[in-house]
Amino acid sequence: MPKIAIINPNTTVSMTNGLRVTVERVAPPGFELLVTQPNTGVASIEGFSDGIKASHALIELTNQIQADGWLVACADDTGVDALREICAGPVMGIGQAAMQAATLLSARYSILTPMQRSVAILENNARRYGLDASLQGVHALNLPVLAIEKNFDLIKQRARQILEKDNSECLVLGCAGFTRFRKPLEDALGIPVIDGVQVGVHWLAGLINLGLKTSKHCTYNYPEQKTEVL
């Protein structure tokens, strides 16, 4: 049975448990899903330095796991390019997965992220992916990642403000910590609300079923072995 590894790149167990509940509910048939996290790194990823610390732990963990596809459960797509170098199977970040889905389901979409310092990261990623033309804005909740799960009413209120300001037709959840709120938010807002965790698992399953893997022709080839010259 093919296996998809869903990795929470931070060290917070409660977030990993939340991811496990979500992916078990939407699991594609015929796949084993491994939900895990590193034991070292950072408790949450908020900014560039957190991302670099988390990427190192993410690479170390990935090297210990056998899987056919990999989902990095951080909307910043932390370490995704590095994992594409060391993994044969497809690697996807939930940020790219969600943005891509938004462009298929709407002409105008917005992103809600926990902290202001993540806004520039997500804007840069959207430009890099070529998904910025229909992106109307990236907006912060101004709440730490680890405080998300107890603040649904605030999240709903902020989402409504964003959609009214941007006149958007779709909302992307810019953090894996939002995953449990996707359906309640969609019901409240009346538009598609996209969680990259759920979308990403199914896209990876499709790529694996088609036998598609990461190209090793050049950019994502396995890292060269280095010999120190003294």
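Residues numbered from 1 in each chain as written. Predicted model: local features only at pLDDT ≥ 70, side-chain atom pairs only at ≥ 80, totals over all residues. Heavy atoms only, no water.

(A) Focus on the overall build of the protein. Counting secondary structure elements, the protein contains 8 helices and 8 strands. Computed over the C-alpha atoms, the radius of gyration of the protein is 17 Å, within 12% of the 17 Å expected from 2.2 N^0.38 for a compact globule of 230 residues. For the protein, the spread of C-alpha atoms along the three principal axes comes to 60 × 40 × 35 Å. Sorting the 230 residues of the protein into buried and exposed places 52% on the buried side. Across the protein, the fraction of contacts at a sequence separation of at least 24, relative to all contacts at a separation of at least 6, is 72%. Carbon and sulfur atoms provide 51% of the accessible area of the protein, an area that totals close to 11,100 Å². Taking the average place of the 20 positive charges on the side chains of the protein and the average place of its 22 negative ones, the gap between the two points comes to 3 Å. (Helix = DSSP H or I, 4+ residues; strand = E, 2+ residues; numbered from the N terminus. Rg over C-alpha atoms; globule rule 2.2 N^0.38 Å. Buried < 20%, exposed > 50% of the residue type's maximum accessible area, 1.4 Å probe, protein only. Contact = heavy atoms within 4.5 Å. Areas by Shrake-Rupley, 256 points an atom, 1.4 Å probe, with all protein chains shown as cover. Lys, Arg positive; Asp, Glu negative; His and termini not counted. Charge placed at Lys NZ, Arg CZ, Asp CG, Glu CD.)

(B) Just the environment of Asp 68, in detail. Here Asp 68 lies in the loop between helix H2 (48-62) and strand E3 (69-72). Here the alpha-carbon distance between Asp 68 and Ala 5, two residues 63 residues apart in the chain, equals 7.8 Å. Apart from residues no more than four positions distant in its own chain, Asp 68 is found in contact with Pro 2, Lys 3, Gly 89, Pro 90 and Ile 208.

(C) Region of interest: unusual backbone geometry. Positive phi values are uncommon outside glycine, yet Asp 77 reaches one of about 60 degrees. Although it is not a glycine, Asn 167 adopts a positive phi angle of roughly 55 degrees. Following the sequence through the fold, Asn 167 ends up in the loop between helix H6 (152-166) and strand E7 (170-173). Of the residues examined, Asn 167 reaches a relative accessible area of 53% and is grouped as exposed.

(D) Spatial organisation of H2. End to end, H2 covers 21 Å across 15 residues, agreeing with the expected 21 Å (1.5 Å per residue, within 8%). Within the sequence span of H2, burial applies to Asp 50, Gly 51, Ala 54, Ser 55, Ala 57, Leu 58, Leu 61 and Thr 62. Turning to H2, the residues buried within the fold contact strand E1 (3-7), strand E2 (32-36), E3 and helix H3 (80-86). (Expected span 1.5 Å × (residues − 1).)

(E) Representation of the environment of Ala 101. Tracing the backbone shows Ala 101 in helix H4 (residues 94-105). For Ala 101, a relative accessible area of 7% gives the class buried. As for Ala 101 and His 217, which are separated by 116 residues in sequence, their C-alpha atoms are 27 Å apart. If sequence neighbours within four positions are ignored, Ala 101 has contacts with Ile 194, Val 199 and Trp 203.

(F) Just the pairing of strand E5 (residues 109-113), in detail. Taking burial as the measure, the 5 residues of E5 include 5 buried ones, the bulk of the element. Side chains of E5 alternate between two faces, with Tyr 109, Ile 111 and Thr 113 and Ser 110 and Leu 112 buried alike. For E5 and strand E6 (residues 135-140), the ladder comprises 5 bridges, and the chain directions are parallel. For Leu 112, the partnering residue across the bridge sits in E6 and is His 139. With helix H5 (residues 119-129) bridging E5 and the parallel E6, this β-α-β connection has right-handed handedness. (Pairing = 2+ DSSP bridges. Right-handed = clockwise from strand over helix to strand, strands pointing away.)

(G) The arrangement of the sheet that holds strand E4 (residues 91-93) in detail. Taking strand neighbours across the sheet as the criterion, the 4 strands line up as E2-E1-E3-E4 in an open arrangement whose pairing is parallel. The sheet terminates laterally at E2 and E4, the two strands that pair on one side only. Within this sheet the neighbouring strands show an average axis-to-axis angle of 20 degrees, counted without direction. Its contacts with the sheet place helix H1 (residues 13-25) against E1 and E2, and it is angled at close to 165 degrees to E2. Where H4 meets the sheet, it contacts E3 and E4, and its direction lies at approximately 75 degrees from that of E4. (Axes fitted to C-alpha atoms, helices over the stretch in contact; angles between N-to-C directions.)

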